[in-house]
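The residues making up each chain are set out below.
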Amino acid sequence: MKSYTVAELLSSETLVQEVIVKGWVRTFRANRFIALNDGSTIHNIQCVVDFENTNEDTLNRIGTGAAVSIKGELVESQGKGQKVEVQVNEITILGDADQEEVSKTILQPKRHTLEKLREQAHLRTRTNTFSAVMRLRSSLSFAIHKYFNDNGFYYMHTPIITASDAEGAGETFRVTTLDPQNPPLDEEGNVDYSKDFFGKETNLTVSGQLEAETYAMSLGKVYTFGPTFRAENSNTSRHLSEFWMIEPEVAFMDLAGNMDLAEDFMKSVLSYILEHNPDDLAFLEDRLIQEDKSKPQAERSEMTLIEKLRFVVDNNFKRVSYTEAIDILRNSKPNKKKKFKYLINEWGADLQSEHERFLVEKHFKCPVILFDYPANIKAFYMRLNEDEKTVRAMDILFPGIGEIVGGSQREERLDVLKEKMAALNIPEEELWWYLDLRKYGTAVHSGFGLGFERLVMFATGMSNIRDVIPYPRTPLNAEF
RNA sequence: UCCUCCUUAGCUCAGUUGGUUAGAGCAUCUGACUGUUAAUCAGAGGGUCCAAAGUUCGAGUCUUUGAGGAGGAGCCA
């Protein structure tokens, strides 16, 4: 007899066949109806137990959370909530779940807050919300690899342990095997990292970009998709200490090409889940609609989850230069009425969250690509424009999320790059290999970084980034 | 790191001006019922009121400090 997943059974065309299905009991109602889930779909299959002919010990062991194996027949359901159900002939308890113990966990059949579920992250994928989110996360991962593979990119693994923090993307986590109680010291009394495992100071990567550039300059089109680490003490719903980043890098591509790539990429992966994960999206959409009902009218969203995804897929992202954006903001109502915490007065100011939000959510009401930022508020490796004031940088801003993509055309001219590094006191010795790219066959090239979890947030409508990664790492939190 | 708010039963919360034995719903257990859909009905058990110190005749309630959580800011993806 064949084993089937719940997803297979629910989409089965053939009725009245002998089946085996294994899963976890969600609820057991009226001593007769098991709602069984195995993670293959958001939906449960109803298994009907013939309780008159089942021994009482077994019946007592069918409780929320228990793992069971069921042999039976797939039949048309007599009830109204489902088309098919399994008429149970034989049930085996694979793993018991003591109901008194279950009642102390989030497995108890009732609603929980997301905060409570987070405390039991090892069990939260037994819930509808988290199983849906994590299936979508998996699906998006696949869609990303598929997109790049279909478009001639090579997948490249950049190192997780790196030696320099030259990019200055953030605080790093140190990697060392030195004894923290008694580290070797040099003559000046500082920790002597030449005695450390790698013979130098090392840390977890904050970005694979610089290494990806080296591969773009030989393989042409490459991307990385891996974990990234930032030791910033950020306590927000949009930051993690450990997160996954997608970083494509392409030779002979300028900033305009970079924007085209990023936009096409975003639309492609979101289309993929619209096509392949309709059930999970429908569930999450409904969840958000319910949540919205408890909010005041002004805070309710104008579009449903699926409408939002469709909107991004079907509409062009608005491309606006930094200079144009500043003009819009300077003449905006909140700026004139001094509603912004940081008022926009002159060109050169860094845009704050409130400004990005205004542009995306109030002014344009669609995803926005901002480009050509002032050089002094952006990283050293970005290509200086002919005006010598701006660099070929671009950020994609999404409603509700803020910055989701950050990218640029890279500075390919050796002399300009060296000047930039000198001005920022970045020692050339640390990045000799990066400078080599500009010595031997340099060329225009570009790339961007996309925070995977922010993409998953947008795709699922989850509002806290801790709820779209299996085991979130944030300051003071590494329980699992 | 800064600002604001929160912490009472397994969970979500109520708890009056500081006053006797701290309550409800859900969950759990026991029983009833049996084509249910967050099943229903009856009953029962379940509390270090986050921690410490203080004010007071008396603190879940007021004060201080600390811990944890959430939201926002900054940093960014």
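Residues numbered from 1 in each chain as written. Chains lettered and ligands numbered in written order. Predicted model: local features only at pLDDT ≥ 70, side-chain atom pairs only at ≥ 80, totals over all residues. Heavy atoms only, no water.

1. Quick look at the domain arrangement of chain A
Here's step 1: Assigned domains of chain A: these are domain 1 (3-103) and domain 2 (128-171 + 206-467).
Here's step 2: At the junction of the two partners, domain 1 supplies six residues and domain 2 supplies seven residues.
Here's step 3: Between domain 1 and domain 2 lies a buried interface of about 480 Å² when both sides are counted; carbon and sulfur atoms form 45% of it.
Here's step 4: The interface formed by domain 1 and domain 2 contains zero salt bridges.
Here's step 5: Viewed at the interface, domain 2 and domain 1 are joined by three residue pairs in polar contact (both at pLDDT 80 or more).
Here's step 6: The residue inventory of the side of domain 1 that touches domain 2, partitioned by class, reads one nonpolar, four polar and one charged. (Domains from an automatic or database assignment. Contact = heavy atoms within 4.5 Å. Buried area = accessible area lost by both parts, 1.4 Å probe. Salt bridge = Lys/Arg side-chain N within 4 Å of Asp/Glu carboxyl O. Polar contact = N/O pair within 3.5 Å; in protein donor to acceptor, adjacent residues only side chain to side chain. Nonpolar A, V, L, I, M, F, W, Y, C, P; charged D, E, K, R; others polar.)

2. Side note on the protein's contact with RNA strand B
Here's step 1: Q46, T236, H239, Q352 and R454 are the nearest of the 52 residues found near RNA strand B.
Here's step 2: Within 4 Å of the protein, the contacting atoms of RNA strand B are 53% sugar and phosphate, with bases supplying the remainder.
Here's step 3: Within the side chain of T113, an N or O atom sits 3.4 Å from a phosphate oxygen of RNA strand B.
Here's step 4: Looking at the surface near RNA strand B residue by residue, the classes come out as 11 nonpolar, 23 polar and 18 charged. (Near = heavy atom within 4 Å.)

3. Details of the environment of F33
Here's step 1: When you line up the elements, F33 lands in strand β3 (residues 33-37).
Here's step 2: Distance from F33 to E85, taken between C-alpha atoms, is 9.8 Å for residues 52 residues apart in sequence.
Here's step 3: Discounting residues that sit within four places of it in the chain, F33 has contacts with T27, F28, Q46, C47 and V48. (Helix = DSSP H or I, 4+ residues; strand = E, 2+ residues; numbered from the N terminus.)

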